Amino acid sequence: MMRPPIILLKEGTENKQGKQQIISNINACQVVADSIRTTLGPRGLDKLIVDSKGQTTISNDGATILKLLDIVFPAASVMVDIAKSQDAEVGDGTTSVVVLASEMLKRVKPFIEDGVHPQLLIRSFSKACEEALSYLKELEIKISGEKELREMLVKCAATTLSSKLVSQERDFFANMVVDAVNTLDESLPLSMIGIKKVNGGNLNESRLVKGVAFQKAFSYAGFEMQPKHYTGVKVALLNIELELKAEKDNAEMRLNTVQDFQAVVDAEWNILYEKLQKIADSGANVVLSKLPIGDVATQWFADRDMFCAGRIHQDDLDRLLAACGGSILTTVSQIDDNVLGKCGKFYEQQVGSERYNFFEDCSKAQACTLLLRGGAEQFIAETERSLHDAIMIVRRAKKNDSIVAGGGAIEMELSKMLREKAKSIAGKEQFFWLAYARSFEIIPQQLCHNAGLDGTDILNKLRHRHAQGEKWSGIDIHREAVGDNLAACVWEPSIVKRNAITAATEALCLVLSIDQTVKNVRTPSGGQMPGLPGQ
Amino acid sequence: MAMSIPKSGYNRFMKEGAQHFKGTDEAVQRNIEACVELASQIRSAYGPNGMNKMVINHIEKLFVTNDAATILKELDIQHPAARIIIMASEMQEKQVGDNTNTVVILAAALLEHAAQLINLGMTPQEIAAGYEMAAEKALEVLPTLVVSEAKDLKNIEEVRHYLRSAITSKQYDNEEVIADLVAKACVQTVPSNSFNFNVDNIRICKILGSGVHNSTVMNGMVFKRGAEGELKTVSDARIAVYTCPFDLTQTETKGTVLIENADELVSFSKGEESEVEAQVKAIADNGVKVVVAAGKFGDLYLHFLNKYKIMAVRLTSKFDLRRLCRTIGAQAQARICAPPVNLLGHCDLVAVKEIGDENVVIFDKKSEKGNVATVIIRGSSQSRIDDVERAVDDAVNTYKALTKDAKLLPGAGAVEIELSRQIESWGEKAPGLEQYAIKKFAHALETLPKAIAENAGMNATEVLTKLYAAHVGGQKNVGIDIWKQELMDAIENNIYDLYAGKRSAIKLATEAAATILKVDQIIMAKQATGGPKPRGPKPQDEDDEGMA
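Predicted model only: the values in this text are computed from it and were never measured.

Another point: the overall build of chain B. Helix and strand counts for chain B come out as 15 helices and 18 strands. Looking at chain B as a whole, 56% of its 548 residues are labelled buried. Partitioning the intrachain contacts of chain B with sequence separation of at least 6 by distance along the chain shows that 75% fall at a separation of at least 24. Carbon together with sulfur atoms contributes 49% to the accessible area of chain B, which is approximately 23,500 Å² in total.

Between two cysteines, a covalent bond joining their sulfur atoms is known as a disulfide. Evaluated as defined, the whole model comprises 0 disulfides over all chains. This cysteine, cysteine 362 of chain A, is not joined by any disulfide, and cysteine 324 of chain A carries the nearest cysteine sulfur, 3.8 Å off. Residue cysteine 362 of chain A is classed as buried on the basis of its relative accessible area, which comes to 11%. Between cysteine 244 of chain B, a free cysteine, and cysteine 337 of chain B, which holds the nearest cysteine sulfur, the sulfur-to-sulfur gap is 8.2 Å. Accessibility expressed as a relative area gives 13% for cysteine 244 of chain B, which makes it buried.

Take the confidence of the model for chain B next. The predicted coordinates should not be examined in detail at positions where pLDDT is low. All names here are of chain B. Looking at chain B, the pLDDT average stands at 77 and 90% of residues meet or exceed 70. Under a pLDDT of 50 for its full length, residues 536-548 has, in the predicted model, 22 contacts with residues more than four places off or in other chains. What the predictor reports for the complex is a pTM of 0.78 with an ipTM of 0.73.

Turning our attention to the nonpolar core. Residues and elements named next belong to chain A. Core analysis: the largest hydrophobic core is formed by 85 residues, its most contacted members being Leu121, Tyr436, Phe440 and Leu512. Considering every element that reaches this core, the biggest residue donor is helix α5 (residues 118-139), with 11 residues. Setting aside residues no more than four positions away along its own chain, leucine 121 makes contact with Val108, Phe111, Ile112, Val116, Phe432 and Leu512.

All names here are of chain B. The strand order across the open sheet built from 3 strands is β4-β14-β17, with neighbouring strands paired in antiparallel fashion. Strands with a single pairing partner mark the edges of an open sheet, and in this sheet they are β4 (148-149) and β17 (496-498). Of the strands in this sheet, β14 (407-410) and β17 touch helix α15 (residues 499-517), which is tilted by about 55° from β17.

This next bit is on the pattern of salt bridges. All names here are of chain B. Tallying each qualifying case throughout the model produces 38 salt bridges over all chains. Across the salt bridge formed by lysine 502 and glutamate 416, the nearest N and O atoms sit 3.2 Å from each other. Taken as a pair, lysine 502 in helix α15 and glutamate 416 in helix α12 (residues 414-427) lie far apart in primary sequence, 86 residues in all. We note that lysine 502, like glutamate 416, is buried. With a closest N to O distance of 3.6 Å, glutamate 462 and lysine 466 form a salt bridge. One end of the pair is glutamate 462 and the other is lysine 466, both in helix α14 (residues 460-472) and 4 residues apart, which spans about a single turn.

On to the packing of aromatic side chains, then. Residues and elements named next belong to chain A. If you walk through the whole model with that rule in mind, you get 19 aromatic pairs over all chains. On the numbers, 5.9 Å between centres and 25° between planes, the contact of phenylalanine 214 with phenylalanine 359 is stacked. Here phenylalanine 214 is found in strand β7 (residues 211-215), whereas its partner phenylalanine 359 is found in strand β14 (residues 354-362), with 145 residues between them in sequence. With relative accessibility at 2%, the residue phenylalanine 214 sits in the buried group. In textbook terms, an aromatic cluster arises when at least three aromatic residues are bridged by ring pairs, as seen for Phe214, Phe223, Tyr230, Phe307, Phe346 and Phe359.

The next thing to look at is the packing of helix α3 (residues 80-95) of chain B against α15 of chain B. Residues and elements named next belong to chain B. The geometry of α3 relative to α15 is characterised by a closest axis approach of 9 Å and an angle of 160° between their N-to-C directions. As summarised for this structure, α3 and α15 are arranged roughly antiparallel, according to the angle between their axes. In this structure, α3 meets α15 at a crossing whose hand is right-handed. Taking contact as the criterion, the partners of Ala81, Ile84, Ile85, Ala88, Met91, Gln92 and Gln95 in α3 are, on α15, Gly501, Ser504, Ala505, Leu508, Ala512, Thr515 and Ile516. In terms of residue class, the contact of α3 with α15 is built from 9 nonpolar, 5 polar and no charged.

Quick notes on the rules
Residues numbered from 1 in each chain as written. Chains lettered and ligands numbered in written order. Predicted model: local features only at pLDDT ≥ 70, side-chain atom pairs only at ≥ 80, totals over all residues. Heavy atoms only, no water. Helix = DSSP H or I, 4+ residues; strand = E, 2+ residues; numbered from the N terminus. Buried < 20%, exposed > 50% of the residue type's maximum accessible area, 1.4 Å probe, protein only. Contact = heavy atoms within 4.5 Å. Areas by Shrake-Rupley, 256 points an atom, 1.4 Å probe, with all protein chains shown as cover. Disulfide = S-S within 2.5 Å. pLDDT = per-residue confidence, 0-100. Core = buried A, V, L, I, M, F, W, Y, C linked by side-chain atoms within 4.5 Å. Pairing = 2+ DSSP bridges. Axes fitted to C-alpha atoms, helices over the stretch in contact; angles between N-to-C directions. Salt bridge = Lys/Arg side-chain N within 4 Å of Asp/Glu carboxyl O. Phe/Tyr/Trp six-rings, centres within 6.5 Å; stacked < 30°, edge-to-face > 60°. Parallel < 35°, antiparallel > 145°, perpendicular 65-115°, else oblique. Left-handed = near helix turned anticlockwise from the far one by under 90°. Nonpolar A, V, L, I, M, F, W, Y, C, P; charged D, E, K, R; others polar.

Given below as structure tokens:
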């Protein structure tokens, strides 16, 4: 008897399951990792990505690349997720976390093929991860003392930058970044470091403005008559449109005589003049507003030797607030000296082809601006991303002042310790632990590979040294040899590693625990109103 | 035009394209096959060693989970008989919040065994009757198997033990961490009469980054947004809550301001300003340090809030607003006014903090007891966090079930084996044809421990025989130890199942199986064309379906 097959799922639904599913997920994750593998380390190469809008990005930041890749394979998106999470939590080390996770998966694959139950692997690996983290805690070095702390921050920033496009200038930028972060208040708000990009000039001409700088705003007639240089500045920060304008949107006038009409027109002008007069009376000599400042006001201020600029971005205004103090006013009726921001110096300067306003020597000084220069637009954009990473690292290191040696040193040491621990475990978990330990070695190996060194040779030397107790032995890329990376000042905050290990292990467990993928057909979106049943 | 072929039977009455199946062969067997097929899809997700499924639903959202309810919900099952089983598991989800997989697997096992009996010539009705008798007996026996009762639901240590089993099956490697969190949260929020425990009082806040073991629980609420004004931290704060936007009120009726001369024009905005200041000042005079509003904060208001050093927080969800009121003991105001002191809330710390790279506002009540607790879940990928959230949800529901019915059964498959054994020996005494069905019911119960053993990579048959041997020998609490791959005493290892959960699972599964068996005809109308039915608009709050 003929029977049609039982249709359980909708037509077009994809359904895969079983061991093969795990293996194919692992393979997919590895493909993802392969695409960014070569960006790791000081000799890592950059990727050029053209997105669907035709925009070009050059980057070697793992998270940036993966975000742009637009991955659709469901399991592989886990890799993108861990890169994002590393970016969110620490801000750097995004490539390492993906490379580490993919190596762990690679080491696990044979076990799955041999029929080991994935849950056993998961159990062992999460135990091993805990162990690795506790070793990391033992190994990390606490830094104390004002001067040492600063030095540590500079070195951490330099280590981060050494793997980026701007690595030649890393000392220059490392100091800049640390100075920038040091100006911030306790909670280290990232938004208080402004980054402005100006095409042209040289990387070396980039500078840190201890205060606020922003591009000259759109201005009206009379602007050029205003002075562009002050000392002892009092800044009025406004959120008011200084322009002739209706007081109330939906107000209506009913007038009977021409005199009344004239009186109303005069009153409107008076309202504006009164506002301007109040600002002038408060003693402010620089007036900045989020909203436009019109012709009349610009000329009025010019007559009184005051500077004004309208349509300032909210971020810049916030930074000015953090730098100069005072408050942003929505009404001028109560303006006085207390609500004005104060700073030492204000001037306008040509930077590249742009005119910039600078505010320096500010009274509260809890904001700063990095002015980046460079040739190509993509180059500056990548510099910005690199500096962002470095800033994040410095912020984390400041909150969490312990470090480990980079350049593969910490990974080798963890690998060694885990291997020793594995030997004390009876049963088949020993193999799992060994595989886990082995996967840490991918970091130094990949570093060598990207630098064109003989990975096997260096890895052997490293293992030898670590076995002899030189726990900070790592790769010295520039000398193409093995050396003590603690002494060589290749430092990284331990939190970077801690998060990388956690994230990589969690990704590993997640990928292993999936034995079935069901993909439903996508409902065509649009066309129908939600809530209405189909016709 | 096509030649019209005379249709026969039912088809004559129906539109072209309609399908219909009739009789034991076509309808019953087919339904059974579909259900068995469905169960086999999620069977490998059962138990602590169950595997996850990756489901991509119709709007391309990714789920990685082993929670049967979620899988089934997102699978978009079409078969009508299979839908009955899914409905049963949905009922379980609503009533108990856990053991959904048990329902599906048990129902499918019952049907599978029924198919054998049908082949032997029994009618589905007889089988259904037998199953119902057996289920009745099972529910009779079940209370005698209760081993202990949760005594102290306010003791974190004790609660942890009870919750562990529910979490283990969801998050195998993190059960200790999560059990800790949930136990703390539950004990914190449970009212003195624990019967009134409300699941809604345990909030979850998911933030990407770090690892699951860095998840924390706190007394109070966490919102994923920043503060509006300049003030970011306030301690020992009095809080005023408004359900309206904190802005100049617009009249509902369309109207214009009529200005008749110049003086009125000049004084108009001055009047507005002083009015706003007076309002804010009145609020400040009551000692309010934080203002929470459901809508936009107007520029002018914000200006004066900053001036009077009041922190401004905007919440968009009215549900969140209600919960916040419950947390801090405030009464929400429907318009801007200075509420009397007894309607204000209080909180020890209101602050903007950075967790991961997310700015959150926390309302922290730094005390042991509180009305609302928030579990902050961290994790390295979104799907992981979502799955942990489901585990937490299940555990909280387990706790709720405990507050209603504190009886506990031995876990790890011990209950099922004992039930199976007792029902089998009871069935032998049954006089009629039902005897066969009752015996099959007993066998179907075996499927659950079998699934646990299979998923753990053990030899299921061997394990079952050993289990039977132990149970016949009087060791009623012996279950499967998946870690050591042998048998163990579930009580000694603190593995408990909820009595309420098991009871309702057996009931629902039997009912679903009986319903499907009693269907002898399926008529499917031709599916309306015009694309799949779009789902209704998403509820504003992730869990407001149950509460509105």
